Amino acid sequence: MAATINTRELNGVAPGVASTIASPTGKLIFQMSDSHAEDASNPILRPVSGSYYSYWKSIYLNAVTTPPTEINNIKFYSSGTMSWTGVTLYVGDETPDVANYVQAVGTLGKTGTEIVTGYSGITAKTTMNTYTSGSPKSVTGSIATPNIGAISKLIVLQLTITGAVDPGDAGSATLTWRYDES
Amino acid sequence: MPTDLFFDTHLSKNKTTDSLSWMAVYDSGLQIREIDGVSYADIVRENLKEFWLVDSSEKPRIKIDVNHSETGRNIIFRKRRYMNLDQITKTVYIVGWQKENQFVLLYLYPEGVIELSDSKNDLDLFACEK
């Protein structure tokens, strides 16, 4: 049978606690705290000057059941048209091992630490709008039968917020995994 | 264009799910079907003889001959999944063969669209990234 796959988020002190983004209504909520909770606590703040950062999100592709043979060729992308005023979604250029997960840190309720500064193993970042279905981000990882568990390495996401941000709910965006199953 | 990979255009689009219905036929005569995304068994790549697309009345309509009798020819069969962070949204089937630097890939989209590719870039996508 086809493998059952989901997305998991790591939170808390390393090695982290893995939580599943529920199907079909789950969401990845960016907040000013290290939390998987899909609630309105510690919302994103508008900076008076400069930039604030959300607490970063570490996610990976996970096999709940094993594939018939193998899953590989993992890609990750966005619509390419995310346009939140004053808010930009970045992804770390490197994809750290799940074992090298780093807990999101910052000033609780105000701003997270920027990922290039605070996430060991990430040396640069790119806007998610750069990665589209036609030009997706490659993510290292694979899994072969009879194994289950983490398939990919970590995708690390973070919002950068400027004073131009509008108040209220900025709305949602869709991020997509693509992978081959055999 | 290889002579042993052919198709026509009489596929009836599957309107009930995002999955194609298909039937695999093996040298032994064994048949494996997947109807409306429901697998009755997992396909295996060895000794695959024919791959059929099945229409909404579950009748085989499009035959893809994946004859592997030629030495060194490897059958490619992949399901390419597209999944938002919370659910699978689409499955594309990829069927074809490869022998050294020669290959043909047939992309079967759930919308009923079929694309034939002999692009080296497409083949490179099958490289395992471990």
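For the structure itself, consult the block above.
A brief look at the structure comes next. (Residues numbered from 1 in each chain as written. Chains lettered and ligands numbered in written order. Predicted model: local features only at pLDDT ≥ 70, side-chain atom pairs only at ≥ 80, totals over all residues. Heavy atoms only, no water.)

A count of helical and extended segments in chain A gives one helix and 14 strands. By the compact-globule yardstick of 16 Å for 182 residues, chain A fits well, its C-alpha radius of gyration being 16 Å. Its C-alpha atoms put chain A at 55 × 35 × 30 Å along the principal axes. Relative to its 182 residues, chain A shows a buried fraction of 46%. Counting only contacts in chain A whose residues sit at least 6 apart along the sequence, the fraction spanning at least 24 positions is 79%. Side chains of chain A carry 10 positive and 13 negative charges; the gap between the two charge centres is 3 Å. (Helix = DSSP H or I, 4+ residues; strand = E, 2+ residues; numbered from the N terminus. Rg over C-alpha atoms; globule rule 2.2 N^0.38 Å. Buried < 20%, exposed > 50% of the residue type's maximum accessible area, 1.4 Å probe, protein only. Contact = heavy atoms within 4.5 Å. Lys, Arg positive; Asp, Glu negative; His and termini not counted. Charge placed at Lys NZ, Arg CZ, Asp CG, Glu CD.)

On to the interface of chain B and chain A. Chain B puts 20 residues into the contact, and the matching count from chain A is 37 residues. For the chain B and chain A pair, buried surface summed over both sides reaches about 2,500 Å², with 46% attributable to carbon and sulfur atoms. Linking chain B to chain A there are two salt bridges. Between E181(A) and R81(B) there is a salt bridge, with the nearest N and O atoms lying 3.2 Å from each other. Scanning the region where chain B abuts chain A turns up eight residue pairs in polar contact (both at pLDDT 80 or more). Sort the elements by how many residues they give to the side of chain B that touches chain A and strand β6 (residues 74-84) of chain B lands first, with eight residues. Residues that form the side of chain B that touches chain A fall into these classes: eight nonpolar, three polar and nine charged. (Buried area = accessible area lost by both parts, 1.4 Å probe. Salt bridge = Lys/Arg side-chain N within 4 Å of Asp/Glu carboxyl O. Polar contact = N/O pair within 3.5 Å; in protein donor to acceptor, adjacent residues only side chain to side chain. Nonpolar A, V, L, I, M, F, W, Y, C, P; charged D, E, K, R; others polar.)

All names here are of chain A. Of all seven residues in strand β1 (residues 5-11), six are buried, a share of seventy percent or more. Here β1 pairs with strand β4 (residues 57-63) via six bridges, running antiparallel. Residue pairing in the sheet places E9 in a bridge with I59 of β4. For β1 and strand β2 (residues 17-20), the ladder comprises four bridges, and the chain directions are antiparallel. Looking across to β2, one finds that E9 is bridged to S19. (Pairing = 2+ DSSP bridges.)

This part is about the side chain of S58(A). All names here are of chain A. With respect to the helices and strands, S58 occurs in strand β4. In this structure S58 comes out as buried when scored by relative accessible area, which is 1%. Side-chain polar atoms of S58 contact the side chain of Y119, separated by 3.1 Å. Look past the residues within four positions of S58 in its chain and what remains in contact with it is R8, E9, L10, Y101, V102, Y119, L154, I155 and V156.

Next up on the list: the pairing of β4(A). Residues and elements named next belong to chain A. Of all seven residues in β4, seven are buried, a share of seventy percent or more. Side chains K57, I59, L61 and A63 of β4 all project onto a buried face; the interleaved residues S58, Y60 and N62 project onto the opposite face, where all are buried too. Relative to strand β13 (residues 155-161), β4 runs antiparallel, the two sharing three bridges. Looking at β13, one finds that I59 is bridged to I155. Pairing geometry for β4 and strand β12 (residues 149-150), over two bridges, is antiparallel. Among the inter-strand pairings, A63 is bridged to a residue of β12, identified as G149.

The next point concerns the pattern of salt bridges. Residue and element names in this part refer to chain A. Enumeration according to the criterion identifies five salt bridges over all chains in this entry. Its salt-bridge partner being K57, residue E9 comes within 2.9 Å of it at the nearest N-O pair. Here E9 is found in strand β1, whereas its partner K57 is found in strand β4, with 48 residues between them in sequence. Both residues of the pair, E9 and K57, belong to the buried class. Put simply, K125 and E114 hold a salt bridge, and the shortest N to O gap is 2.7 Å. Here K125 is found in strand β9 (residues 125-127), whereas its partner E114 is found in the loop between β8 (111-112) and α1 (115-118), with 11 residues between them in sequence. On the basis of relative accessible area, E114 is assigned to the buried category, the value being 11%.

So, to be careful, I would describe these as geometric facts and stop short of saying anything about function.
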